[in-house]
Structures are given as structure tokens and as C-alpha cells.
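Understanding the architecture of this molecule
Chain by chain, the residues run as shown.
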Amino acid sequence: MVSIRPFAESDAGVVRTRRYPDRTETDVLCMLHDWNAGFFQGKPFEMFAVCRGDTVVGSVSLCQKSPHVASMGVEIFEEYRRSGFAYRAALLLFSRAEKLGYRVLLDQVRIDNTASIGLHEKLSFESDRYVFQNAKGHPVYLYIKTL
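Residues numbered from 1 in each chain as written. Predicted model: local features only at pLDDT ≥ 70, side-chain atom pairs only at ≥ 80, totals over all residues. Heavy atoms only, no water.

What the protein chain contains, in helices and strands, is four helices and eight strands. Along the protein chain, helices and strands appear, N-terminal first, in the series β-α-α-β-β-β-β-α-β-α-β-β. Relative to the 2.2 N^0.38 estimate, which gives 15 Å for 147 residues, the radius of gyration of the protein chain is 15 Å and therefore close to what a compact globule would have. In terms of overall dimensions, the protein chain has a C-alpha envelope of 40 × 35 × 30 Å along the principal axes. Classification of the 147 residues of the protein chain by burial places 39% in the buried group. If you take every contact in the protein chain between residues at least 6 apart in sequence, the share linking residues at least 24 apart comes to 53%. As displayed, the protein chain offers around 8,700 Å² of accessible surface, 49% of which is attributable to carbon and sulfur atoms. Across the protein chain, 19 positive and 17 negative side-chain charges occur, with their mean positions spaced 4 Å apart. (Helix = DSSP H or I, 4+ residues; strand = E, 2+ residues; numbered from the N terminus. Rg over C-alpha atoms; globule rule 2.2 N^0.38 Å. Buried < 20%, exposed > 50% of the residue type's maximum accessible area, 1.4 Å probe, protein only. Contact = heavy atoms within 4.5 Å. Areas by Shrake-Rupley, 256 points an atom, 1.4 Å probe, with all protein chains shown as cover. Lys, Arg positive; Asp, Glu negative; His and termini not counted. Charge placed at Lys NZ, Arg CZ, Asp CG, Glu CD.)

Here we come to the pattern of salt bridges. Here the idea is simple: oppositely charged side chains can pair when their charged atoms come close. One pass over the full model with this rule turns up six salt bridges. Close ionic contact of Glu75 with Arg19 constitutes a salt bridge, the shortest N to O distance being 3.1 Å. Here the residue Glu75 occupies a position in strand E5 (residues 69-76), and Arg19 occupies one in the loop between helix H1 (12-18) and helix H2 (25-36), the gap between them amounting to 56 residues. Glu75 sits in the partly exposed class, given a relative accessible area of 28%. Between Asp112 and Arg110 there is a salt bridge, with the nearest N and O atoms lying 3.7 Å from each other. Its relative accessible area of 55% is what places Asp112 among the exposed residues. Assessed through its relative accessible area of 37%, Arg110 is described here as partly exposed. (Salt bridge = Lys/Arg side-chain N within 4 Å of Asp/Glu carboxyl O.)

Turning our attention to the packing of aromatic side chains. Across all of its chains, the model carries four aromatic pairs by this definition. Taking the centre distance of 5.0 Å and the plane angle of 55 degrees together, the rings of Phe7 and Trp35 count as tilted. Of the two residues, Phe7 is situated in the loop between strand E1 (2-6) and H1 and Trp35 in helix H2; the sequence distance between them amounts to 28 residues. Here Phe7 and Trp35 have matching classes, each one buried. Seen in terms of ring centroids, Phe94 and Phe125 are 6.0 Å apart; in terms of plane orientation they differ by 50 degrees. Their pairing is tilted. (Phe/Tyr/Trp six-rings, centres within 6.5 Å; stacked < 30°, edge-to-face > 60°.)

Below, the discussion takes up the pairing of strand E4 (residues 55-66). On a regular strand, each side chain points to the face opposite its neighbour's, so the side chains alternate between the two faces of the sheet. Counted residue by residue, E4 has nine buried out of twelve residues, so it is predominantly covered. Relative to E4, strand E3 (residues 43-52) is paired through eight bridges, and the arrangement is antiparallel. Considered in E4, the bridge of Val50 is made with Gly58. Both E4 and E5 contribute to a ladder of eight bridges, which runs antiparallel. Pairing of Val60 across the sheet is with Val74, part of E5. Joining the antiparallel neighbours E4 and E5 is a turn of two residues. (Pairing = 2+ DSSP bridges.)

Core analysis: the largest hydrophobic core is formed by 41 residues, its most contacted members being Phe7, Trp35, Met72 and Leu105. The dominant element in this core, judged by the number of residues it contributes, is helix H3 (residues 85-99), at seven residues. (Core = buried A, V, L, I, M, F, W, Y, C linked by side-chain atoms within 4.5 Å.)

Now the structure itself:
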């Protein structure tokens, strides 16, 4: 069974090991606190742990772009990929987004990330496959989904 929940302080070790090995545990604890604060750059933001039972297998997030539009993100730790966790966690995130009043979800997907492209298409996202550079300079497609 897959669930999503806010990150807890007890998750700091797994977050540090799986995502941020170059940061200190104190840095990661501060990051978890920031994730749970509910805002990023002044806009509503939520980051959730994706769990299989008690094991954190990744994360999902929602970041408001406008009152009815949010960007979403899904990251499953490498050892847990290709097991359906991203798909099931995204469905849970969709329910959360609807409860918050979002009508449209966006996501940027790197053009070379075939697994993520497949996931977004399976989740009924649409893209015109126009390539643009994201803030990190990577070529991406923009995927859009109405809720």
C-alpha cells in the first residue's frame, strides 16, 4: 500500500542518504521544517513523503502557481523505481490538489526522461512536446493536466 504524508524529523536520515548526501543532518532537518511550513517563495507549497508502509520511498510536491494552478513533482528513490509507487502517489496527490481547489496541474519533464514521460502520459497529462529550457538549463517538456 502506498500513502503520502508530511515529512517527519525522523525522516531526516533517509532524506539525507537518498537525496542530499552532501548536506549535514542539521541542514536536512531545517529543510524538512521548511517543507512543512506550507510556503515556498511566498506561495503555498506542500511536500509529502511517499511511503510503502513505514518505509519512505520518495516524495511528491505541490507548489501553487496561481489560485487554481499548481506545479507538481514526483521523485521516487532509485531502488524503488519501476514498482508503481510514482503512479499511485500521483493519484493521491491529485486528490489533495482537488481538495485545495486546484483545477490544473503542471510539470516539467526532462526530454530524456522516458520513464517520467511515460508516467505523465499514463496519468493523462498532455504535452505539445515543445522543448524549452528550465531554470536549471535543462531541456524539458511542459505537461498539463486538468483535474
